[in-house]
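What follows is each chain in one-letter form.
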2 protein chains.
Amino acid sequence: MKWTPESFDRMKPLTRTLFAAALAAASLAASAAPEPRGTGDLALIVERATGRLILAETSGRSALGRIEGLGDLSHAALVYSRDQRFAFVFGRDGGLSKVDLLERALVKRVVQSGNSIGGAISQDGRLLAVANYEPGGIKVFDTESLELVADIPAEYGEAGARSKVVGIADVPGVGFIYSLFDAGEIWITDLGDPAQPKTRRFRDAGAQPYDALISPDGRWYVAGLFGEPGLAVLDLWHPEAGVRKVMQHYAKDDPRLPVFKMPHLRGWALAGRLAFLPGIGRHEVLVLDTDTWTEVKRIPVRGQPVFAMARPDAREVWVNFAHPDNGEVQVIDVPSLAVVDTLAPGRAVLHMEFTPRGEQAWVSARDDDRVVVYDTRTRAKLVELPADKPSGIFMSSRAGRIGL
Amino acid sequence: MKWTPESFDRMKPLTRTLFAAALAAASLAASAAPEPRGTGDLALIVERATGRLILAETSGRSALGRIEGLGDLSHAALVYSRDQRFAFVFGRDGGLSKVDLLERALVKRVVQSGNSIGGAISQDGRLLAVANYEPGGIKVFDTESLELVADIPAEYGEAGARSKVVGIADVPGVGFIYSLFDAGEIWITDLGDPAQPKTRRFRDAGAQPYDALISPDGRWYVAGLFGEPGLAVLDLWHPEAGVRKVMQHYAKDDPRLPVFKMPHLRGWALAGRLAFLPGIGRHEVLVLDTDTWTEVKRIPVRGQPVFAMARPDAREVWVNFAHPDNGEVQVIDVPSLAVVDTLAPGRAVLHMEFTPRGEQAWVSARDDDRVVVYDTRTRAKLVELPADKPSGIFMSSRAGRIGL
């Protein structure tokens, strides 16, 4: 017996209705399944006030939908799974959320501490580490299940006090590097065997490291110091050489002033061998030679810089600013080390992110409730996307990068 | 009227059968649709003899399926769409094929020339350029439709002869750079307005450039010369300075010998500021300082190197060899510039590719019909995947990279 168009006509009315209902139900089930698509051109935008993420795509430059229920997203950061299907969101409230980009849904959420400040994903994609203020230490989770795998309290001194942890990053191999604010130490924890974490401690790294970053090749770990002038630099190719301090002359006249505001969301401006660092309290971007970690130039800019972000082709560095200059973005030309353009994306620019090959820049303007997308070649605005108090912007290409 | 489990029982047998058939058909349609998945951990492996690609994934390290009907895949290369859903395969027979990774199917295939040698995708992902031997020139296609957008014959000299084109790469902005073997020229074509291509010619670039590459930041274009010793280097930040020749002393005693065999599939070994180039005809890898393009060291290796590939963390460079040493791979330690390990993946190692963050290396052994996956930390074999005469291996993370 075969199905023919006449078969439907031969059915009784009730049967026809049931038959049509079955087809409709099957069709609905199919449309509820996520639409297959590549995940190489996706971006997540944090809507900080409402605990939501916007899922967007950079090919057509449009919003695809929202993912809700993520808790307190002020100061939130996220990392991607190695297949780019999932993102792991680190909330300031200690929440760790796993979201599915294709289903556009929250998969799981755990509150793993009282107060956290970012996290990282291991090189093999199997482990997440979260840096916690309270209680101080790191916790390590399985990326599949979000089950706790290891808990490493940041104990220091003879009384066993626990330090706030900041500046966490993945290192090549299965492990993480991070700084202990109160202890003035840098730790590297090897989780090749997650049941037996091995931690190497670098004591006397510097007074109050308050944030840090790792270079895109995973070689250099650089921590900004709050309690003394300068930066702490660790060469992971030569850890036996220990931590060295650089730029100690910078702002030495006022040691109470934090010298550098390191990028909070792990922006890193390395263009060739030059590093571009915001000099806080000063209207300048500091350029260092990473071969020697000595000063190359101080570039005068519009205000106090917050982020200095290198375009992926390393030809330009884009800079945003603290209040009252936070409505503008300046563009530094790397060959000439000079400001060549000033843009006005909107009020309260909080973050910038380039597409992986650098042809677009996405900029969040919190107080104008929009994300502005620029063509980096012409610096023309391509589109403005509405967003509710947007902050961090994270492209899915981070999945394939060390330290992001 | 509502659907209840009893409704099915109340149907007549014919109706029940039809109803079940309708559900089964709907279910089959759903299962024929591609299964949604992230595309960040995918790889394509060329099976050169049979015109097929293996689609694999690097999280579980398994083959997912095959894509067939791609023509002559000897010497084939491919690039990815910016969303990582599609790949564009450049065959030696002039075939240009678009494949869908999620559907695992050939979408479209055009034969665009008689003999081609690779291609590139523009920074914005909208254009493909193919380098042709016969007739000599480049052709530019729309990535969506594979329609021809621009045809640029590589004419030179007063008689209007056409040169073979080699060494094509994307440059930041909408354009491509390539070399003219017969003309000894390097051309940059700007396709910001595809209807009005603008080509800048660098004449007297060197005798017979036979292959070339671009640095990961898109700044340096380096062509190997067949007709004279040395390399032609163009700084795209300062094109007005023109092409300069470097390493002209290398092998100058026998100018008929090709000095360097540049990587055929655009491997590029840049570790920090050092470039690692295979010295052909010699059992050595040449290390150059890209600040000055002068020689740093010659590292003795097992045989004549074919590819020198930097691990993404720039800590190691892996090298394979021409016959009769093509069953081995050597590992160079970058800090010490010395060979530290020799691996034996199988007979006729043709290509190697690292996962984007470097924890795995995938190596094709043509004559043993397998791809061997290594843990780069321990150098243990993780798995061997059967493959029919495998050659090039291409990770989907290339979608987000300049020059790949």
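Up top you'll find the structure we're talking about.
Residues numbered from 1 in each chain as written. Chains lettered and ligands numbered in written order. Predicted model: local features only at pLDDT ≥ 70, side-chain atom pairs only at ≥ 80, totals over all residues. Heavy atoms only, no water.

A separate point is the overall build of chain A. The helix and strand inventory of chain A stands at 2 helices and 34 strands. Looking at chain A as a whole, 59% of its 404 residues qualify as buried. In chain A, 42% of the contacts between residues at least 6 apart in sequence involve partners at least 24 apart. Carbon and sulfur atoms make up 50% of the accessible area of chain A, which amounts to about 15,000 Å² in all. (Helix = DSSP H or I, 4+ residues; strand = E, 2+ residues; numbered from the N terminus. Buried < 20%, exposed > 50% of the residue type's maximum accessible area, 1.4 Å probe, protein only. Contact = heavy atoms within 4.5 Å. Areas by Shrake-Rupley, 256 points an atom, 1.4 Å probe, with all protein chains shown as cover.)

Taken as a whole and assessed by the stated rule, the structure comprises 3 cavities of 30 Å³ or more. A volume near 260 Å³ is recorded for the largest cavity. Lining the largest cavity are 27 residues, and of these Gln84 and Ser397 of chain A together with Gln84, Ser397 and Gly400 of chain B lie nearest its centre. Across the lining of the largest cavity, the residue classes break down as 4 nonpolar, 13 polar and 10 charged. (1 Å grid on protein atoms, 1.4 Å probe; cavity = no way out; pocket = protein on both sides within 12 Å on 5 of 7 lines; lining within 4 Å. Points joined across faces, edges and corners; volume = space filled by probe spheres on them. Nonpolar A, V, L, I, M, F, W, Y, C, P; charged D, E, K, R; others polar.)

Here we take up the sheet that holds strand β24 (residues 284–289) of chain A. Residue and element names in this part refer to chain A. Spatially, β22-β23-β24-β25 is the arrangement adopted by the 4 strands of the open sheet, whose pairing is antiparallel. Only two strands of the sheet have a single neighbouring strand rather than two, namely β22 (270–271) and β25 (294–300). Direction of pairing for β22 relative to strand β23 (residues 274–279): antiparallel, over a ladder of 2 bridges. Looking across to β23, one finds that Ala271 is bridged to Leu274. (Pairing = 2+ DSSP bridges.)

Another aspect to go through is the packing of aromatic side chains. Tallied over the entire structure, the rule returns 10 aromatic pairs over all chains. On the numbers, 6.3 Å between centres and 75° between planes, the contact of Tyr210 of chain B with Phe226 of chain B is edge-to-face. With Tyr210 of chain B in strand β18 (residues 209–214) and Phe226 of chain B in the loop between β19 (220–225) and β20 (231–235), the pair connects residues that are 16 residues apart, well separated along the chain. Relative accessible area serves as the criterion here: at 16%, Tyr210 of chain B is assigned to the buried category. With a centroid separation of 5.5 Å and an interplanar angle of 80°, the aromatic rings of Trp318 of chain B and Phe354 of chain B are classed as edge-to-face. Note that Trp318 of chain B is positioned in strand β27 (residues 316–321) and Phe354 of chain B in strand β30 (residues 349–354), a separation of 36 residues in sequence. Under the relative-accessibility criterion, Trp318 of chain B is labelled buried at 1%. Judged by relative accessible area, which is 8%, Phe354 of chain B ranks as buried. An aromatic cluster is built from Trp318, Phe354 and Tyr374 of chain A, whose rings are joined through pairwise contacts. The side chain of Lys98 of chain A reaches across the aromatic face of Phe86 of chain A, ending 4.6 Å from its centre. (Phe/Tyr/Trp six-rings, centres within 6.5 Å; stacked < 30°, edge-to-face > 60°. Lys NZ or Arg CZ within 6 Å of the ring centre and 35° of its normal.)

With that settled, consider unusual backbone geometry. Residue and element names in this part refer to chain A. Note that the residue after Glu134, namely Pro135, is joined by a cis bond; omega there is -5°. Topologically, Pro135 is positioned in the loop between β9 (127–134) and β10 (137–142). Here the bond from His323 into Pro324 is cis, since omega is 5°, no more than 30 degrees from zero. By the secondary structure assignment, Pro324 is in the loop between β27 (316–321) and β28 (329–333). For Met247, which is not glycine, the phi torsion reads 55° and is therefore positive. Here Met247 is to be found in the loop between β21 (244–246) and β22. Residue classification places Met247 among the buried positions, given a relative accessible area of 5%.

Moving on: the environment of Gly118 of chain B. Residue and element names in this part refer to chain B. Relative to the assigned elements, Gly118 resides in strand β8 (residues 115–121). Between the C-alpha atom of Gly118 and that of Gln330, which follows or precedes it by 212 residues, the distance is 27 Å. The contacts of Gly118, once residues within four sequence positions are left out, are Phe90, Ala129, Val130, Ala131 and Ile168.

Another aspect to go through is the environment of Gly279 of chain A. Examined against the element boundaries, Gly279 of chain A turns out to sit in strand β23. Taking C-alpha positions, Gly279 of chain A is 8.5 Å from Val306 of chain A, a pair spaced 27 residues apart along the chain.

Residues and elements named next belong to chain B. The sheet built from 4 strands is open, its strands ordered β4-β5-β6-β7 with antiparallel pairing. Unpaired on one side and paired on the other, β4 (77–80) and β7 (105–111) mark the two borders of the sheet. Neighbouring strand axes in the sheet, compared pairwise and without regard to direction, differ in orientation by 20° on average. In this sheet, strand β6 (residues 95–100) lies alongside strand β5 (residues 86–90) in antiparallel orientation, the contact comprising 5 bridges. (Axes fitted to C-alpha atoms, helices over the stretch in contact; angles between N-to-C directions.)

Our next topic: the pattern of salt bridges. Enumeration over the complete set of coordinates arrives at 68 salt bridges over all chains. For the salt bridge of Arg379 of chain A with Asp341 of chain A, the shortest nitrogen-to-oxygen distance reads 3.1 Å. Residue Arg379 of chain A is found in the loop between β32 (370–375) and β33 (381–386), and its partner Asp341 of chain A is found in strand β29 (residues 338–343); the two are separated by 38 residues along the sequence. Between Asp170 of chain B and Arg357 of chain A there is a salt bridge; the shortest N-O distance is 2.9 Å. Of the two residues, Asp170 of chain B sits in strand β14 (residues 165–171) while Arg357 of chain A sits in the loop between β30 (349–354) and β31 (360–365), which places them in two different chains. Like Arg357 of chain A, Asp170 of chain B is buried. Put simply, Arg273, Asp289 and Asp291 of chain A together with Arg273, Asp289 and Asp291 of chain B are held in one network by salt bridges that share partners. (Salt bridge = Lys/Arg side-chain N within 4 Å of Asp/Glu carboxyl O.)

In this section: the pairing of strand β11 (residues 148–153) of chain B. Side-chain direction in a regular strand flips from residue to residue, so the side chains alternate between the two faces of the sheet. All names here are of chain B. Sheet topology note: the strand β10 (residues 137–142)/β11 ladder contains 5 bridges and is antiparallel. Residue pairing in the sheet places Gly137 in a bridge with Pro153 of β11. Count of turn residues in the β10/β11 antiparallel hairpin: 5 residues, of which Leu146 carries a positive phi of about 60°.

Another aspect to go through is the environment of Val383 of chain A. Residue and element names in this part refer to chain A. With respect to the helices, strands and loops of the structure, Val383 is situated in strand β33. The class of Val383 is partly exposed, set by a relative accessible area of 25%. Linking Val383 and Trp362, residues 21 residues apart in sequence, is a C-alpha distance of 9.7 Å. Not counting residues within four places of it along the chain, the set of residues in contact with Val383 comprises Arg61, Val371, Val372 and Val373.

Residue and element names in this part refer to chain B. With 6 of its 6 residues buried, β19 lies for the most part within the structure. Burial of β19 is two-sided: the residues Trp220, Val222 and Gly224 facing one way and the residues Tyr221, Ala223 and Leu225 facing the other way are all buried. As judged from the 5 bridges shared by β18 and β19, these two strands associate in the antiparallel manner. The residue of β19 that forms the bridge with Ala212 is Ala223. Here β18 folds back onto β19, and the loop between the two strands holds 5 residues, one of which, Gly218, carries a positive phi near 80°. As paired elements, β19 and β20 share 5 bridges and run antiparallel to each other. Across the sheet, Tyr221 pairs through a bridge with Leu234, a residue of β20. What sits between β19 and β20 in their antiparallel hairpin is a turn of 5 residues, with Gly230 showing a positive phi close to 105°.

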